[in-house]
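Residues per chain are reported as follows:
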Amino acid sequence: MADEALFLLLHSEMVAGLYRAAEQGEGENGRCTTKLESMGFRVGQGLIERFTKDTARFKDELDIMKFICKDFWTTVFKKQIDNLRTNHQGIYVLQDNKFRLLTQMSSGKQYLEHAPKYLAFTCGLIRGGLSNLGIKSIVTAEVSSMPACKFQVMIQKM
Amino acid sequence: MSRSPGRKQENHKISRELFVLTYGALVAQLCKDYEKDEDVNACLDRMGYSIGIRLIDDFLARSAVKKCRSYSETADMIAQVAFKMYLGVTPSVNCSSATGNEFSLILDKNPLVEFVEELPEERASLCYCNLLCGVIRGALEMVHLAAEVSFLQDRLKGDAVTEIGITFLRKPEDRKHRR
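Residues numbered from 1 in each chain as written. Chains lettered and ligands numbered in written order. Predicted model: local features only at pLDDT ≥ 70, side-chain atom pairs only at ≥ 80, totals over all residues. Heavy atoms only, no water.

- Labelled according to an unreviewed UniProt entry, chain B appears under the name Trafficking protein particle complex subunit 3-like protein, originating from Erythrocercus mccallii.
- Entered under Function (unreviewed entry) in the UniProt record, the comment concerning chain B runs "May play a role in vesicular transport from endoplasmic reticulum to Golgi."
- Word for word, the UniProt comment on chain B under Subunit (unreviewed entry) is "Homodimer. Component of the multisubunit TRAPP (transport protein particle) complex, which includes at least TRAPPC2, TRAPPC2L, TRAPPC3, TRAPPC3L, TRAPPC4, TRAPPC5, TRAPPC8, TRAPPC9, TRAPPC10, TRAPPC11 and TRAPPC12." (UniProt positions renumbered as here; feature names shortened; annotations may be inferred.)

- With an unreviewed UniProt entry as reference, chain A is termed Trafficking protein particle complex subunit 6B, source organism Erythrocercus mccallii.
- Regarding chain A, the relevant UniProt record gives this comment under Sequence similarities (unreviewed entry): "Belongs to the TRAPP small subunits family. BET3 subfamily."
- UniProt annotates chain A under Function (unreviewed entry) with the comment "Component of a transport protein particle (TRAPP) complex that may function in specific stages of inter-organelle traffic. Specifically involved in the early development of neural circuitry, likely by controlling the frequency and amplitude of intracellular calcium transients implicated in the regulation of neuron differentiation and survival."

Looking at helix α4 (residues 120-132) of chain A
All names here are of chain A.
No. 1: Between its first and last C-alpha, α4 extends 19 Å over 13 residues, near the 18 Å set by a 1.5 Å rise per residue.
No. 2: In terms of burial, α4 is largely enclosed, as 10 of its 13 residues are buried.
No. 3: Burial in α4 covers these residues: A120, F121, T122, C123, G124, L125, I126, G128, G129 and L130.
No. 4: Of the residues one or two after α4, G134 is the one with positive phi, at around 95 degrees. (Helix = DSSP H or I, 4+ residues; strand = E, 2+ residues; numbered from the N terminus. Expected span 1.5 Å × (residues − 1). Buried < 20%, exposed > 50% of the residue type's maximum accessible area, 1.4 Å probe, protein only.)

Description of the packing of helix α2 (residues 37-63) of chain B against helix α3 (residues 71-87) of chain B
All names here are of chain B.
No. 1: Closest axis-to-axis distance for the α2/α3 pair is 11 Å, and the angle between their directions is 95 degrees. Looking at the two axes, α2 sits roughly perpendicular to α3. In this structure, α2 uses L55, D58, F59, R62 and S63 to contact α3, whose residues at the interface are M77, V81, A82, M85 and Y86.
No. 2: Its residues placed into classes, the contact of α2 with α3 shows 7 nonpolar, 1 polar and 2 charged. (Axes fitted to C-alpha atoms, helices over the stretch in contact; angles between N-to-C directions. Parallel < 35°, antiparallel > 145°, perpendicular 65-115°, else oblique. Contact = heavy atoms within 4.5 Å. Nonpolar A, V, L, I, M, F, W, Y, C, P; charged D, E, K, R; others polar.)

Quick notes on the interface of chain B and chain A
No. 1: Every contact between the two is made by 33 residues of chain B and, on the other side, 27 residues of chain A.
No. 2: Carbon and sulfur atoms make up 71% of the area that chain B and chain A hide from each other, which totals about 3,000 Å².
No. 3: At the boundary of chain B with chain A, the tally comes to 3 salt bridges.
No. 4: E17 of chain B is the partner of R50 of chain A in a salt bridge, and the nearest nitrogen-oxygen pair spans 2.9 Å.
No. 5: The tally of links from chain B across to chain A stands at 2 residue pairs in polar contact (both at pLDDT 80 or more).
No. 6: Within the residue set of the side of chain B that touches chain A, elements represented by two or more residues are α1 (6-33), α2 and α3 of chain B.
No. 7: Top contributing element to the side of chain B that touches chain A by residue count: α1 of chain B, with 17 residues.
No. 8: Here the residues of the side of chain B that touches chain A sort into 17 nonpolar, 6 polar and 10 charged. (Buried area = accessible area lost by both parts, 1.4 Å probe. Salt bridge = Lys/Arg side-chain N within 4 Å of Asp/Glu carboxyl O. Polar contact = N/O pair within 3.5 Å; in protein donor to acceptor, adjacent residues only side chain to side chain.)

Focus: the sheet that holds strand β2 (residues 91-96) of chain A
All names here are of chain A.
No. 1: The strand order across the open sheet built from 4 strands is β1-β2-β4-β3, with neighbouring strands paired in antiparallel fashion. The sheet terminates laterally at β1 (83-86) and β3 (137-145), the two strands that pair on one side only. Adjacent strand axes in the sheet meet at a mean angle of 20 degrees when their direction is disregarded.
No. 2: With 7 bridges joining them, β3 and strand β4 (residues 148-155) adopt antiparallel strand pairing. Directly across from E142, in β4, lies its bridge partner K150. (Pairing = 2+ DSSP bridges.)

Here we look at the packing of α3 of chain B against helix α4 (residues 130-142) of chain B
Residues and elements named next belong to chain B.
No. 1: Running from N to C, α3 and α4 point in directions that differ by 120 degrees, and their axes come no closer than 13 Å. Here α3 lies oblique to α4, going by the angle between them. In this structure, α3 crosses over α4, and the sense of that crossing is right-handed. In contact with T74, I78, F83 and L87 of α3, α4 contributes L132, I136 and L140. (Left-handed = near helix turned anticlockwise from the far one by under 90°.)

Next comes the structure, spelled out in C-alpha cells:
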C-alpha cells in the first residue's frame, strides 16, 4: 500500500540522517542505535494503545507474544512473524524470513554489517508495545542472512 | 478475537498512524539534537528532499499519470492524486499569481499533526511539517521542475488554515523564448 512506501522511505532516511549527523559530530556510533531504539519505543507505545483499544484482555504472556507476532506485525509490516520460539521461561525468539525493512537492501550476505542499523527502530517498537501492555523487556536483533532476521525478547521480571 | 469487517479499515488507519507517530518521534529527537528552530527546519527539509527524490518513482509507478502540460495541472496532480494517495487528504489548490507559477495548497485537515496539540513555547518558529516541503521540492526536481516550496500559513502557529506555497521557478530557456 502507498503508506508503506512513505514509512519505508522515512525510516531509511532517519537511519541515514542520524548516522550522517554522527559522523560530522564526534562519531558516536553507539548513540545512534540508542536514539533509533528510543524513537521506536515511543512509537511502539503509542501504536499499541491505538491498536488494542477494543480488543479483549490478554490471558497471559504467551497470548501477548502471539498478538505481537500476528496482528501487530501484520498491521505494521503487512505479514506475520514466520516462527515464534520460546523456552517458557521468559525468552522468546521471533523470526521473520522476509523482513520488510531489509528486503530492498539485499538478499544474502551483502551489506550485512549495515543491517543492525535498520533493526534498532523495530527493536524499540517491540519493546514499546510490550511496555504498554505491562511487560518490561529487552529486545535485541540479529541477522545472519538478509532479509531474514530474528528478534530476541527477554522478559524482565519486575 | 472476532474479526469484524471494520477491522481492515482500522488496520489501514493504524498503518497511517505508524507514519504519523514515527514522524513525531523524529521531530522530537531532532529538537533534542538541535537547539535552534532553523536547524531543525533545515534538517527536516533536507530529509524531505531525499525522500521526495525517491518517492516520485513510487508515485509514477502507482499512479501511471500522463505528463502534465502546465504548472496548474502539476499543482492539481500533487493535491488531488499524490496527497490523496499518501496522506489520504485532498488539499484545495489556489493560483495566487498572474504569471501562473505560484500556487498554494490549502489543507484543512493535516494528518501529520493528528497527535500534536500545540508547539511548545521555546519552539515557536518550528515548522513541524517541513518534511512535506522537502518532499514536494525533491519530487518536482526529479521531473525537471525547479520549485520553491514553503509553509505560508500554519495552523500550529495560530493561523486559520495550513497553507503550502509552491513557486515554480522559470527555467532559463523560457526567458530566451520570450525575447
